[in-house]
Amino acid sequence: MILLSLAWHSLKNRRLTTGLTVVSIALSVALLVGVDLVRVGARDSFANTISQTDLIVGARGGSLTLLLYSVFHMGSATNNVSYQSYLHFKNHAAVEWTIPYSLGDSHRGFRVVGTTNDFYEHFHYHRDRKIEFAEGRMPDGIFDTVLGWDVAQALHYKIGDPIVVTHGISEGRGILQHDDKPFHVVGILARTATPVDRSVYVTLYGISAMHIDWADGGPPMPGEETPVSKITKDNLEIKQITAFLVRCKSRIDTLGLQREINTFEDEPLMAIIPGVALSELWNTIGYAEEALTVVTFFVLVVGLLGMLVSLYTSLNERRREMAILRAVGAGPRKVIFLLVLESGLLALAGTFLGVTGIYAVSALTQPLVEHRFGMFIPVTPPSTTGYVYICAVVVAGLLIGTVPAVKAYRNALADGLSIRV
Amino acid sequence: MTTTNPAVAAESALRLQDVCFSYRPDRLILQIPYMEIAAGQSVFIFGPSGSGKTTLLGLLAGVLKASSGQVMALGRDLSKMSNSQRDHFRGSHVGYIFQMFNLIPYLTVEENIALPCRLDSERRHRLNGVPLHDAVRETASHLGIEALLHENVTNLSVGQQQRVAAARSLIGTPQLVIADEPTSSLDFDRRERFIKLLFENCRAARSTLIFVSHDRTLMPLFERCVSLPELNRAAQSL
Ligand SMILES: Nc1ncnc2c1ncn2[C@@H]1O[C@H](COP(=O)(O)OP(=O)(O)OP(=O)(O)O)[C@@H](O)[C@H]1O
Ligand SMILES: [Mg+2]
């Protein structure tokens, strides 16, 4: 108890170095815990790029490919899904809702997604977030289009602007333009910080209308196009889509339905569970987070070395203090304990400050970070790794404290009662 | 003289026999064939600078361990004790005053004086149930520093600091008070006043006082005087 009070007073006496040491430890601890929080947040946000979707269904092929083109609109499907099959599963007893996607066209580098209003009604991301309109409304007519937030920002579109869709996926203006069938912007989606922002949404009818005169993958001869005025929903036929999202009425049905889709006889289909597929994907690209952790570990080491330096350099000034303590009956063991206690207090204070600091900062900046980076940083108690870090810092502080302590012990033995300055 | 008569041992506060000490193996600092100090005496030990006075006090206080020989203090053999036993012995039975800079800078005067009692339970028990706070106040009043108790030690004059150091060495009535040139930084008047205070307090507590200095003008004040160079064989061989 007396040693604790001595350690406390001694640290208080060296306020400046104590303060700086605590701050440097706090900063490294904050960084360590912060990186952990961000890592959890990033993983979580990534895994929730789409949520409340139980299955993603596409033509049989690689599951990663399906995930990439359906969720991230990257790459392309090798095969399509017939509209019949889609309707079959849409009306399946176990299915609550579906969202069809028809992909393959683009607009100035952004993917064009044909879908139905089910998308605006049912699509969820980040657990329970729904699509919202920043402006305008859902598409209604064949040539209505709704833009993701990034698309509208990047291309400076507003409601009512005409846009021309390019056949195939290309940056900028492609070779085959659907310029005979321009679309009109009727809505702009609010920012989601998911791939939704980088897509252009049209109706499935719109996709059909663009390709109405096409035959065998080629465009109609000039002058043979069906004029826009003659196209109605009645004379359009939706033959195929690229993929669809499925929500089951009950989670228990998911695996059964997945099996049913995978073994569907009419057409080779494949269903994947997005959560599982997303974490698999994260694990393959997640090595960056390890690199980050390694870097923060080094920052922590630097912080602790700073403590070592400050304690060690203070020892010379404190030789007299040690001699006095020895004279009043404190043995070398108590001297060691005193110094270890001091570093323990420093590490503890630094850790406490760092942890509370980073939690305060993340709580305060949570809305901002979510808005800017689309990442939801959960302000929850530290994960197990978090606790391990915190304990490790305190233990490391104690261990490092033994270095100056042993030095002080040596000094005390060598000096005896002669006082050195 | 070489026989260990318990009656004699109880009467003598300190007894050194064939004691050798060296910091480094190649250089003998002290070699004392025999020295005895009776309990309750006030003893003046003098010698020139570098003659090993502080080293001798280190042996008596049990901070240093004799390379050979026997150091008996209060009837116990320090040379046979372990390091921590000697630390404990010093904590409970010895008061020590340095030449200067006696005080822990980050503690108040009161906390400095109380320190030995807070580090050692035996020393605290010897207060006979008087609360530590009151014991500190009483000791301080004996030395005329009662008014300074809540001062920061860095605000004290050197003379005041030495009196605080004396109070710390006297609290809990240790049997042995050891002072290593405590007056060398005081002027003549204050030197005498300080020594008189120290005497009074040691006498009241029946403590043995070992006082070291190279200043022989102080000699007449003491009951007994010892010249270290005469006692120390190692010095003669230097
Ligand atoms: N910690 C130490 N390590 C090595 N040698 C030491 C140590 N302390 C003292 N000495 C040596 O021992 C000898 C005696 O030193 P000591 O301090 O006991 O002398 P002193 O009589 O107290 O001198 P002063 O009057 O100057 O205080 C000196 O030669 C000194 O160099
Ligand atoms: Mg000396």
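Parameters and conventions
- Residues numbered from 1 in each chain as written.
- Chains lettered and ligands numbered in written order.
- Predicted model: local features only at pLDDT ≥ 70, side-chain atom pairs only at ≥ 80, totals over all residues.
- Heavy atoms only, no water.
- Buried < 20%, exposed > 50% of the residue type's maximum accessible area, 1.4 Å probe, protein only.
- Core = buried A, V, L, I, M, F, W, Y, C linked by side-chain atoms within 4.5 Å.
- Helix = DSSP H or I, 4+ residues; strand = E, 2+ residues; numbered from the N terminus.
- Domains from an automatic or database assignment.
- Pairing = 2+ DSSP bridges.
- Contact = heavy atoms within 4.5 Å.
- Axes fitted to C-alpha atoms, helices over the stretch in contact; angles between N-to-C directions.
- Salt bridge = Lys/Arg side-chain N within 4 Å of Asp/Glu carboxyl O.
- Right-handed = clockwise from strand over helix to strand, strands pointing away.

Here we take up unusual backbone geometry. All names here are of chain A. Within the chain, His126 stands out as a residue other than glycine whose phi angle is a positive 45 degrees. For His126, a relative accessible area of 10% puts it in the buried group. Even without being a glycine, Ala193 presents a positive backbone phi close to 60 degrees. Judged by relative accessible area, which is 26%, Ala193 ranks as partly exposed.

Let's shift gears to the nonpolar core. The biggest cluster of nonpolar side chains holds 55 residues, and the ones touching the most others in it are Ile56(A), Leu67(A), Phe119(A), Phe123(A), Leu189(A) and Tyr201(A). Sorting elements by how many residues they give to this core places helix 2 (residues 15–47) of chain A first, with nine residues. Residues lining this core come from more than one domain, with at least three contributed by each of domain 1 (2–46 + 287–417) and domain 2 (55–272) of chain A. With 51 residues, the next largest nonpolar core counts Leu6(A), Leu30(B), Leu57(B) and Leu176(B) among its residues.

So, about the sheet that holds strand 2 (residues 30–38) of chain B. As a general point, the strands of a sheet are linked pairwise by backbone hydrogen bonds and lie either parallel or antiparallel. Residues and elements named next belong to chain B. Strand order across the open sheet formed by four strands is 2-1-4-5, with antiparallel pairing between neighbours. A strand with exactly one partner marks an edge of an open sheet, and here the two such strands are strand 2 and strand 5 (76–77). Judged from the five bridges that link them, strand 1 (residues 12–21) and strand 4 (residues 68–73) form a sheet pairing that is antiparallel. Note on strand 4: the bridge partner recorded for Cys20 is Ser68. The strands that helix 2 (residues 53–61) touches are strand 1, strand 2 and strand 4; relative to strand 1, the one it contacts most, it runs at about 120 degrees.

Every contact between the two is made by 27 residues of chain A and, on the other side, 25 residues of chain B. Taken together, chain A and chain B are joined by one salt bridge. The partner of Arg326(A) in a salt bridge is Asp87(B), with the nearest N and O atoms 3.2 Å apart. The set of elements that each furnish at least two residues to the side of chain A that touches chain B consists of helix 1 (2–13), helix 11 (319–327) and helix 12 (332–373) of chain A.

This part takes up the pairing of strand 8 (residues 208–213) of chain B. All names here are of chain B. Counted residue by residue, strand 8 has six buried out of six residues, so it is predominantly covered. On strand 8, burial covers both faces: Thr208, Ile210 and Val212 on one face and Leu209, Phe211 and Ser213 on the other are all buried. By the bridge criterion, five bridges tie strand 3 (residues 42–46) to strand 8 in an arrangement that is parallel. Note on strand 8: the bridge partner recorded for Ser42 is Leu209. Looking at chain direction, strand 7 (residues 176–180) and strand 8 are connected through five bridges and run parallel. Residue pairing across strands places Val177 opposite Leu209, the latter belonging to strand 8. What joins strand 7 to strand 8 is helix 8 (residues 188–205), and the crossover it makes is right-handed.

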